[in-house]
Amino acid sequence: ACPTATDCGHGDGQCVVDQDCQGTWSVCTTACETAGQRTFTQTQATQGNGAACPTATDCGHGDGQCVVDQDCQGTWSVCTTACETAGQRTFTQTQATQGNGAACPTATD
């Protein structure tokens, strides 16, 4: 009797093995890149019914070097009866500016 036909399996003849796309996205820098500014370095192409390469996403605060925006925070020294000029007052910074946060204020008379 003749043998019965079997389904082609992945790797049989020209039937390709399913492989997912693999690679890495460019690192998020302090510029907090948008999806269009990022690059994908593909190390393995999709084959057969493998998963496609991922779509780009914007860098979010906390991704890589993309920092959370924080305003400078602190307090000015108290005005006394001497009515100090701006140059005589001091600003005690309790939180440094990060990302696109507001800079520390300058003194005014």
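One structure accompanies this document, and this report is about it. (Residues numbered from 1 in each chain as written. Predicted model: local features only at pLDDT ≥ 70, side-chain atom pairs only at ≥ 80, totals over all residues. Heavy atoms only, no water.)

**Focus: the overall build of the protein**
- A count of helical and extended segments in the protein gives zero helices and four strands.
- Going from the N terminus to the C terminus, the protein shows its helices and strands as β-β-β-β.
- By the compact-globule yardstick of 13 Å for 109 residues, the protein is too spread out, its C-alpha radius of gyration being 29 Å.
- Counting only C-alpha atoms, the protein reaches 115 × 20 × 15 Å along its principal axes.
- Long-range pairs, those at least 24 residues apart, make up 49% of the contacts in the protein between residues at least 6 apart in sequence.
- Total accessible area computed for the protein in this model is approximately 8,000 Å², and 50% of it derives from carbon and sulfur atoms. (Helix = DSSP H or I, 4+ residues; strand = E, 2+ residues; numbered from the N terminus. Rg over C-alpha atoms; globule rule 2.2 N^0.38 Å. Contact = heavy atoms within 4.5 Å. Areas by Shrake-Rupley, 256 points an atom, 1.4 Å probe, with all protein chains shown as cover.)

**Concerning the environment of threonine 57**
- Considering the arrangement of structural elements, one finds threonine 57 in the loop between strand S2 (40-44) and strand S3 (73-76).
- In this structure, the C-alpha to C-alpha distance between threonine 57 and cysteine 21, residues 36 residues apart in sequence, is 17 Å.
- Residues within four places of threonine 57 in sequence aside, it is in contact with Ala35 and Arg38.

**Quick look at the state of the cysteines**
- On inspection of all chains with the given rule, the structure shows four disulfides.
- The disulfide partner of cysteine 21 is cysteine 53, and the S-S distance across this bridge is 1.9 Å. Classification of the bridge connecting cysteine 21 and cysteine 53 rests on its S-S torsion, roughly 85°, and on that basis the disulfide is right-handed. Taken together, the residues cysteine 21 in the segment before strand S1 (22-25) and cysteine 53 in the loop between S2 and S3 connect sequence positions 32 residues apart.
- Taking relative accessible area as the criterion, cysteine 21 reaches 11% and is therefore assigned buried.
- One disulfide in the model links cysteine 28 with cysteine 59; its S-S distance is 2.1 Å. The sign of the S-S torsion, about -85°, decides the handedness of the disulfide formed by cysteine 28 and cysteine 59: left-handed. Here cysteine 28 is found in the loop between S1 and S2, whereas its partner cysteine 59 is found in the loop between S2 and S3, with 31 residues between them in sequence. (Disulfide = S-S within 2.5 Å. Buried < 20%, exposed > 50% of the residue type's maximum accessible area, 1.4 Å probe, protein only.)

**Quick word on the packing of aromatic side chains**
- Scanning the model with the defined rule gives two aromatic pairs in all.
- Summarising the aromatic geometry, the rings of tryptophan 25 and phenylalanine 40 are spaced 4.9 Å apart at their centres and angled 55° between planes, so their arrangement reads as tilted. A residue pair is termed long-range when its members are at least 10 positions apart, and tryptophan 25 in strand S1 and phenylalanine 40 in strand S2 qualify at 15 residues. (Phe/Tyr/Trp six-rings, centres within 6.5 Å; stacked < 30°, edge-to-face > 60°.)

**Some thoughts on the environment of glutamine 44**
- Mapped onto the fold, glutamine 44 is located in strand S2.
- Non-local contacts of glutamine 44, meaning those with residues more than four positions away in its chain, are made with Gln19, Asp20, Cys21 and Gln22.
- Here glutamine 19 takes part through its side chain, which lies 2.7 Å from a polar atom of the side chain of glutamine 44. (Polar contact = N/O pair within 3.5 Å; in protein donor to acceptor, adjacent residues only side chain to side chain.)

**Here's the deal with the environment of glycine 36**
- Assignment of secondary structure puts glycine 36 in the loop between S1 and S2.
- Distance from glycine 36 to threonine 57, taken between C-alpha atoms, is 8.2 Å for residues 21 residues apart in sequence.

Any functional reading would require information beyond the geometric quantities listed.
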